[in-house]
Structure formats: C-alpha cells, structure tokens
Amino acid sequence: MAPVLSVQGASKRYDSGFEALKSVDLEIEKGEIFALLGPNGAGKTTLISIICGLVNLTEGKITVGGHDIVRDHRKARSMIGLVPQELTTDQFEKVYDTVSFSRGLFGKPANPAHIERVLKDLTLWDKRDNQLRTLSGGMKRRVMIAKALSHEPEVLFLDEPTAGVDVELRRDMWEVVRGLREAGVTIILTTHYLEEAEEMADRIGVISRGELVLVEEKTELMRKLGQKRLTLLLT
Ligand code: ATP
C-alpha cells in the first residue's frame, strides 16, 4: 500500500541562510504512530510546518495521501489534521460547535455521525454543550485534537503535545494517543523525551541539527539501546 506521507529529500534553508532541514527522507504507513524525537532547535516544527504548508520547502518532494504539498496544496492540506503547540480556541465556544465549525473550514459537508464518533473517542461527548472555559487543561487539549480530526484527515500531527504540561496531563495525553491508535488514526508527533516516544509510538525517528539521523521500530530501538537508554534518560 502507498504510504500516507512520503517525504523525499526535504531541505529547508531560511532566508538567514540557516539550514534547518537537510535532505530528510521519511515514509509513514496508514495506522502507524510515529514519534519524531529531538532537542530544541533540531528541526521538528520546521518539518511539520513544511508538510502542513505553513513554511515553504527549499528542495525535495512531499506527498500526503498521494497529493503533492506544493502543486496540489489544498487537497494535500485537507488530508492533514494539525494540533499546534498552543491552544487556539475561543474559550466561550461550546465543544460541539467549535469542532463542527472546524470541519466547515475545510469545505466539508456536515457529518454529525463523524463529529459524534470523534467526540466519543476523545471522551468529550458528555461535555459537548460545555463552553471551553469550563474544561480542564487536559480536556481543552482533547478539544484541539477533536478539531484537528473534524474533517477526517488521513494523518494527524501533534506538535509537542506535552510541552509545558504537568505529569498527570502528560499521562493523559499518552492515553489519548493510545485510544486514537485503537480508532485507527495515523499519527506523527514530536517530542523531546525518549520515554514519551516509547510510550506512544510504533516507530521513532531521531532528528538532530536538521538531519534525520535514525529511524527505527520502537522495540528494535529499545533492544539496541539496552543499558545505554538509562544514560540517555538521565542526561
Ligand atoms: P523546539 O523543540 O524548540 O520546538 P524544533 O526541533 O521544533 O525545536 P525548529 O523550530 O524546527 O526546531 O527550528 C529549527 C532551527 O531553525 C532552529 O535553530 C531555529 O532557530 C531555526 N529557525 C526556525 N524558524 C526560523 C526562521 N523563520 N528563520 C530562521 N531560522 C529559523
């Protein structure tokens, strides 16, 4: 089967001349959870922003669901659900309304059954008439994910879903991602933490200074790291 996402030789040079991505190759299969692991400034957000069409590619080719992100941008973008690092919702909106409105932004006809399924998958159905301001931080994050899934994308991007949150919320997010896996959603997430990548992902890619230096099945990576893993976690 053709990959959901194909990245070939993707490079990004900013106007300053800084090379944030260096010839990245990556393929993501339907239904997999892929974690892109890397420290501050490694290029994680740049890669996601390019795939989502928020930043231009300098060189290379990227397709989402077979659609080229440059030549067929609108179609490719409609196949992507993006959950950015910051919460971007009006606190006075109601849960159901904000999620179904988000679907409309992609020009998709209403599909109440889909919205209901997404809200149920994220345990938001009972809160559908609540204003966002009444929800906990964890529930607000779930609403952001529901919005990103509202237009039935092929792949969901979670950009540092646990940045700046406490331990409890991190664990809650791990649970959410596992639940979405059960629902068959394809996910690419970015993180600074190896243990988090291990908790959520099937495959892990390590990005360092704009280069994808390693891509490995999680179980294989854990086996290879063995004792060294402890050292990595402690540094
Ligand atoms: P973090 O984990 O801190 O979010 P990241 O891995 O997502 O980091 P990016 O935000 O992709 O890293 O940044 C990669 C590099 O590109 C950094 O060195 C950053 O300073 C640089 N960079 C990002 N945006 C621009 C820009 N508009 N112009 C010049 N350099 C930029």
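Rules used throughout
Residues numbered from 1 in each chain as written. Predicted model: local features only at pLDDT ≥ 70, side-chain atom pairs only at ≥ 80, totals over all residues. Heavy atoms only, no water. Helix = DSSP H or I, 4+ residues; strand = E, 2+ residues; numbered from the N terminus. Contact = heavy atoms within 4.5 Å. Polar contact = N/O pair within 3.5 Å; in protein donor to acceptor, adjacent residues only side chain to side chain. Near = heavy atom within 4 Å. Areas by Shrake-Rupley, 256 points an atom, 1.4 Å probe, with all protein chains shown as cover. Nonpolar A, V, L, I, M, F, W, Y, C, P; charged D, E, K, R; others polar. Expected span 1.5 Å × (residues − 1). Buried < 20%, exposed > 50% of the residue type's maximum accessible area, 1.4 Å probe, protein only. Arc of directions from axis to C-beta. 1 Å grid on protein atoms, 1.4 Å probe; cavity = no way out; pocket = protein on both sides within 12 Å on 5 of 7 lines; lining within 4 Å. Points joined across faces, edges and corners; volume = space filled by probe spheres on them.

An unreviewed UniProt entry lists the protein under the name ABC-2 type transport system ATP-binding protein, from Amorphus orientalis.

Peer 1: I'd like a description of the environment of glutamate 152, backed by residues and values.
Peer 2: Tracing the backbone through its elements, the reader meets glutamate 152 in the loop between helix 5 (137–149) and strand 7 (155–158). Residue contacts for glutamate 152: discarding those within four places in its chain leaves Arg103, Lys108, Asn111 and His114. Side-chain polar atoms of glutamate 152 contact the side chain of arginine 103, separated by 2.7 Å.

Peer 1: Any details on the site of the ligand? Residues and values, ideally.
Peer 2: Around the ligand lies a shell of 15 residues, among which Gly41, Thr45, Thr46, Glu160 and His192 are the nearest. Taking glycine 43, its main chain carries an N or O atom lying 2.9 Å from an oxygen atom of the ligand. A distance of 2.7 Å separates an oxygen atom of the ligand from a polar side-chain atom of histidine 192. Calculation on the ligand without its partners gives an accessible area of 640 Å², and the protein chains cover 63% of this total. With 3 residues, the single largest contributor to the shell around the ligand is helix 1 (residues 44–51). Residues belonging to the shell around the ligand are distributed by class as follows: 5 nonpolar, 8 polar and 2 charged.

Peer 1: Mind laying out helix 6 (residues 167–182), listing which residues take part and the relevant values?
Peer 2: Taking 1.5 Å of rise per residue, 16 residues should cover 22 Å, and helix 6 covers 23 Å from first to last C-alpha, within 8% of that figure. Of the positions making up helix 6, those classed as buried are Arg170, Met173, Trp174, Val176, Val177 and Leu180. In an axial view of helix 6, the angular spread of the buried residues amounts to 160°, which keeps them on one side of the axis. Exposed positions of helix 6 whose direction lies more than 90 degrees from the buried face are Val167, Glu168, Arg171, Glu175 and Glu182. Considering only its buried residues, helix 6 is in contact with strand 3 (33–37), helix 5, strand 7, strand 8 (187–191) and helix 7 (194–200). Downstream of helix 6 by one or two residues, glycine 184 has phi in the positive range, about 85°.

Peer 1: Explain unusual backbone geometry residue by residue, including any values.
Peer 2: Even without being glycine, glutamate 160 reaches a positive phi, approximately 45°. As for its placement among the helices and strands, glutamate 160 is situated in the loop between strand 7 and helix 6. You can call glutamate 160 buried: its relative accessible area is 13%.

Peer 1: I'd love a proper account of empty space enclosed by the protein, names of residues and values included.
Peer 2: Summed over all chains, the structure comprises 2 cavities of 30 Å³ or more. A volume near 80 Å³ is recorded for the largest cavity. As for the largest cavity, its lining consists of Val83, Pro84, Gln85, Leu87, Arg141, Met144, Ile145, Leu158, Asp159, Glu160, Pro161 and Met173. Here the element with the most residues in the lining of the largest cavity is helix 5; it accounts for 3 residues. Residue composition of the lining of the largest cavity, by class: 8 nonpolar, 1 polar and 3 charged. Empty space within the second largest cavity amounts to approximately 40 Å³. Elements with a contribution of two residues or more to the lining of the second largest cavity: helix 5 and helix 6. Here the lining of the second largest cavity takes 3 residues from helix 6, the largest share from any one element. Looking at the lining of the second largest cavity, its residues break down into 4 nonpolar, 1 polar and 2 charged.

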